[in-house]
Every structure is written in structure tokens, then in C-alpha cells.
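Structure at a glance
Letter by letter, the chains look like this.
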Amino acid sequence: MNPTVLTILHFLQTWWVELTCGVVIVAVVPLVAGYVVLLERKLMADMQARLGPMRVGPHGLLQPIADAVKLLIKEDIIPAESDKFIFWLAPVISMVAALTSMGAVAFGPAFQVARDINIGILFVLGVSSLGFLGIILGGWASNSHYSILGALRSTAQLVSYETAGGLAIISALLLSGTLKISAIVQAQYDQHAWFIFLAPVAGFIYLVASIAETNRAPFDLPEAESELVAGYMTEYSGFRWALYFLGEYANMIVVGSIATTLFLGGWLRPFPNVHWLNWLDFLPAVIIALVGVYCIYRAGKQPVKVQTGFMWAVALGCFAVAFVFAALWLLHLFHRFGVLIPLNLDFILPGLNGAFWFLLKVSGYIYVFMWLRFTLPRYRFDQLMHLGWYILIPLAIINVFAVGISMLLEANGVNRWIGMVLTTVLVLAAAVFLVRWHDQRTESASTASLTPDSYAG
Amino acid sequence: MLDSVLFYFFAGVAVIGAALVVTSRNAIHSAVFLITTLLATAGIFLQLRAEFLFIAQIILYVGGIMVLFIFVIMLVRLDVPLHHLRFRMKNLVVTVVIAVLGAEAGAIIYLARKLPGQGLFIQNMAPPDKLAPNSEKLAESLFSGYLLPFEIASVLLLVAMVGAVVMAKNKKRTEEES
């Protein structure tokens, strides 16, 4: 055979898992982002005692696709006074940064694009933070006051909260002792605990910082409708706007993945060390099959024939996935009992199980995001900055020391949980002190001078 | 083969980006091309398996310093003073600088042609498992062998940061008093 073809075949044979993962990320994440939007609207409707989108598909299940088609065929407007090149480039930067950073995220023990990269978690953080280049460039290129104010706010907010978030991440990295994503998860397996239990304050700080970094309510100041129309994307419409939107939701998934990897045990199932709970490994397939059964149960109750068909399609899809799980398990059994199969597929079953738990945790994290969004009112910009600089950053620094102290105590023979509780209580006391000190400061400042704070804007 | 393709891709992007930084009239465009160049250089670092250098380049230069540049360019209108910045004998200076740099690069390539591993195709790429994990090595040397310089540098940066904040605050206060 032709040597070039052989080289390419060899390349494909070595890297097919990684290549497939890359293609799946690029192809599926926009779709998932669309469904996250639908989920958000449904949740909002549920919390406000409404129904939400109901028209397109059963319970509005096809709404994201209708939205995407609408955005694709919308007129593409570029403002006359804008900088055309940057205006074109900015949404692309946002989207590409979010998708690229997913390259190093481990969606389970087997599925990851950049597998042996030694600085995995830094790669995800660094590349996803490039997304805000898109935000400032877009705000500047639009040549509009609302846009540039939104972009400036967004950048200030990102820079402030990235510091706090980074320090919270350092706490978890201290516990794991490595930057490699698979090794971080392995460390949580070896230490018999998710890091959220060993460093709860760090987990909380990261949650707050990640909400601020993704510009979501209650910290969605860059696009506060009552003040700035739509912030940095005021001038964008149609598919460019959709790119920004997808970038934002993809970023939510990235942030959720970082939090899951560092604090929630990555792809590990609950209680991975307890052997009599090994039956939990069958749970993903069973749950997916049950979803299929529920879809069939609901299919008969749909008012329109097309919707019944759609429900059947979803059910068949679920059964297909469950069947893949079962087939892989059978293959695994054959393999164990000595039946030879040419292609080694043993890694896929634990990989799929891991991916199930990982995605479940990421969804839970995103659910908390939405929950907070519908519960808390929006902050004022100076309040946001004060929270970041006066409370979260000092607290994160104190927490790094506290985690270090608890690790030292453990190394000196103190029970790990006693050390953890002690240091956490100390950090919480420090937090109370910081909050009260800050309240007193602002009180005395507001009585001393009535000039408004000039941070806003 | 693949290594050569990747290297020439990144190198080409870096060189073209650098040329566009100098030639584009709009300062923001220059900044964007500079970001492209820095990212392409980071790609070469990654190809050399200097992972930590790669991510430091992305986080510090692209994510930090370039954002600062863009901020300054955005907030200071550069369009007007750009015309005043043209100086006489510009072409002469440019020609001399290009000639000197070109001669230097040519001399290096000519003198090093006999050394092993030279040529258009990259040979003897280090396999990934032969290299020690370099972020660990870097941390080890920073926090053991070079602890004092490291601490001095970080204190210096901290002093600079605090100094900048103090200066900014003082200015605001005097404005309010006057």
C-alpha cells in the first residue's frame, strides 16, 4: 500500500478516540447549549408557576432547534460605523475559546482530547479565560456606548473574580498535588473523599466566582437590561449573536466541568471505594432505559400525532444507548471468559459510565446556577466589586493557608476530618469578621460623604 | 512528517501575524495580530513539550498583558496622534534595521548548517515519555534553588501593584479636595 496512506491509517488507529471526542465536542456542544437554554426557561417557568415553552414539540422539546433555524436565517446586520474585521472576529473568539478549552476536560476516564497534557487544569482555565477577549473586542468594535460600557464592566468583573476563583482552585490543587486532570480525579479516589468535603469554603468561593465569570445573574451586570440594553452584544443580531450566546453557555459547561473535576470527584461514581456498592455501575444504563420507558408511557398522552412519534423516537434513542451499554458489558464478559475479539473495546464501558456520572454532576452544577439566578436579585456594580475585592479574595487567601494547615496537621497524625473542621471553622470566623468589617467601613464611608461611588460604569 | 507540518504551520502564522502587527494602521488590529503571533509561538512551545511555558504564555501574555494593551488602546484614542508620530528618515532606519537583522539570521543559519538536526525537516523529535514533567521541575527549582530571587521578584511586583493603587487613590483625593 501507499506509505502515505499507511501513515494516515496508523495515525487514525492511534488517535481515533481523541479525534472522535473532538468531533463530538464541536458537533454536540452547540446542541447541548441550546437544550441548556430550554432547560433554563422550563426551570424558570416552573419556579414562577408557569408552563414555559410548550408549542414546538412535546413540552417545547424542539424549541432550541426552531430558535437556531430562526437565528440562522435572520438578517445579518453590521453597524455602519463599526470596525468590520473586529466585529466579525469577536464572537468567533468567544466561541472558539470555550470549545477549545473543552479539549482538555476529561469526560470520563477514557474520553478526553488532550489526554497526557501535564497542565490540563491550567489549559482549561487559561484558554477559557481567552473568551473575554471576544467580549471586549466585540464591545469596542460595535462603536456604541452601551456595548463598550458592558464590555468594560465585564472585563473588570472577570479580572476581579478570576483572582478569587484561581485562589479557590489553588486550595483544591494543594490537596491533589498535580495539575493533570486524570491525576486530580485519581487523587480524590485515593483520598476517599471529594475535595468539596475537604475544602468546602474553596468550593463555595469557586461557585460564586464561576457565576461571576460566566456573567450570570445575580452578577449579570455586563448585560443588565435596565441599564445597558444588552451590554456588549447590544449591536449583535442573528447568527453572530447566537455565537456569543453559545460561547456563554459552552463556558458554563466548562466552568461546571472544572468544578466537577476539582471539587466533585470528576467521573467517579458516588462511593467509588465501597465495593458492596459496585452495583451502582449498572445504574447509568438502567436510568437511561427507564427514561425510555417513561417516554413510551407519555407518548400515548400526547395530543398531536407528530408529538407521539417524537416521544417514540426519544424512547428508541434511550433504548439504543442502553443497548450499547449492555452490549459492551457482554463484550467485557466474553473477553473475560477468553473469547477473542479483534478490537479491544474494554475501556469504553467504564468510560461511558464515567461520562454519565461526570455529565450528571455538571448538570447538577448548572442547575445550581439557574436556581441562584431565579432566586437572587441582581447586585449593584459597586456591591459586586466590594464583594469580590474586600471579601472573597482575602477569604480565598486565608483559605489557602487553612487548607495547608489542615494538610500539615494530617501529616502530623491528626485525624483528617478533625483538622478539616477546625480550619473550616477558623475560615468561617474570618469570613464573618471580613463581612462585619466591610459593613462598618461602608457605613462610615456613607455617613462621611454622600458622593456616589464612581465604580459603576 | 506531522511534526514538520505543525512546526511550519505555527511558524508561518507567527511570522505573518508579526508582519501584520507592524503594517496594520489600526492599533486594535495590531493588538489582535500580536495575539495571533503569541498564540502561534505558544503552539511551538507546546510542540517542544514545554507545556508549562505554553500555558504561561497563554495566561500571562494573551490573557493578561494583551488585555491590558487592548484596554489602553480602547480608552485612549490613538487615531489623532498617529499622524504626528511619523518621523523623517523612516525608510532609511527601517532598511538598516531589516538589513542588520536579516544578516544576523542568515549568518546564524549559515554557520549552524553543519550541526546535527539542521535542515528543513525536523528530525529527532523528543518522545513525550522521555521528558520529565516540566511544571514539577520548574516548581522544584523555583521553590528550592532559586527561592530568594523568586521571592524578591514577587515582592517587587507586589510593591509595584500597591504603589500603583496608592498613586491612583491619592490623585482622586486631591481632586476631591480642590
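Bear in mind that the values here come from a model prediction, so they are computed numbers and not experimental data. (Residues numbered from 1 in each chain as written. Chains lettered and ligands numbered in written order. Predicted model: local features only at pLDDT ≥ 70, side-chain atom pairs only at ≥ 80, totals over all residues.)

1. Brief notes about unusual backbone geometry
Residues and elements named next belong to chain A. In the Ramachandran plot, alanine 49 falls in the positive-phi region, its phi being about 55 degrees despite a non-glycine side chain. Checked against the element boundaries, alanine 49 lands in the loop between helix H1 (3-47) and helix H2 (63-72). You can call alanine 49 exposed: it has 6 C-beta atoms within 10 Å. Here the phi dihedral of histidine 192 falls at roughly 60 degrees; this positive angle occurs in a residue that is not glycine. Along the chain, histidine 192 turns up in the loop between helix H7 (181-190) and helix H8 (195-198). On the neighbour-count criterion, histidine 192 (12 C-beta atoms within 10 Å) is exposed. (Helix = DSSP H or I, 4+ residues; strand = E, 2+ residues; numbered from the N terminus. Buried ≥ 20, exposed ≤ 12 C-beta atoms within 10 Å, placed from the backbone.)

2. Here we look at helix H2 (residues 27-47) of chain B
For H2 of chain B, built from 21 residues, the straight-helix expectation of 30 Å at 1.5 Å per residue is met to within 8% by its first-to-last C-alpha distance of 30 Å. Within H2 of chain B the residues assigned to the buried category are Ile28, Ala31, Val32, Leu34, Ile35, Leu38, Leu39, Thr41, Ala42, Gly43 and Leu46 of chain B. For H2 of chain B, the elements touching its buried residues are helix H3 (84-101) and helix H5 (131-141) of chain A together with helix H1 (2-23) and helix H3 (51-75) of chain B. The positive-phi residue at the C-terminal boundary of H2 of chain B is arginine 49 of chain B, with phi of around 65 degrees. (Expected span 1.5 Å × (residues − 1). Contact = placed C-beta atoms within 7 Å.)

3. Let's talk about H3 of chain A
In this model, H3 of chain A (18 residues) spans 27 Å end to end at C-alpha, consistent with the 26 Å of a helix rising 1.5 Å per residue. Residues of H3 of chain A that are buried: Ile86, Phe87, Ala90, Pro91, Ile93, Ser94, Met95, Ala97, Ala98, Leu99, Thr100 and Ser101 of chain A. Buried positions along H3 of chain A lie against H1, helix H4 (120-129), H5 and helix H11 (238-263) of chain A together with H2 of chain B.

4. What to know about the environment of isoleucine 70 of chain B
With respect to the secondary-structure elements, isoleucine 70 of chain B resides in helix H3. By the C-beta count within 10 Å, which is 22 here, isoleucine 70 of chain B ends up buried. Remark: the alpha-carbon pair of isoleucine 70 of chain B and histidine 29 of chain B, spanning 41 residues in sequence, is separated by 9.8 Å. If sequence neighbours within four positions are ignored, isoleucine 70 of chain B has contacts with Ile136 of chain A together with Ile28 and Ala31 of chain B.

5. A look at the domain arrangement of chain A
Its domain assignment divides chain A into domain 1 (3-268 + 355-448) and domain 2 (278-346). Here the C-alpha centre of domain 2 of chain A lies 31 Å away from the C-alpha centre of domain 1 of chain A. (Domains from an automatic or database assignment.)

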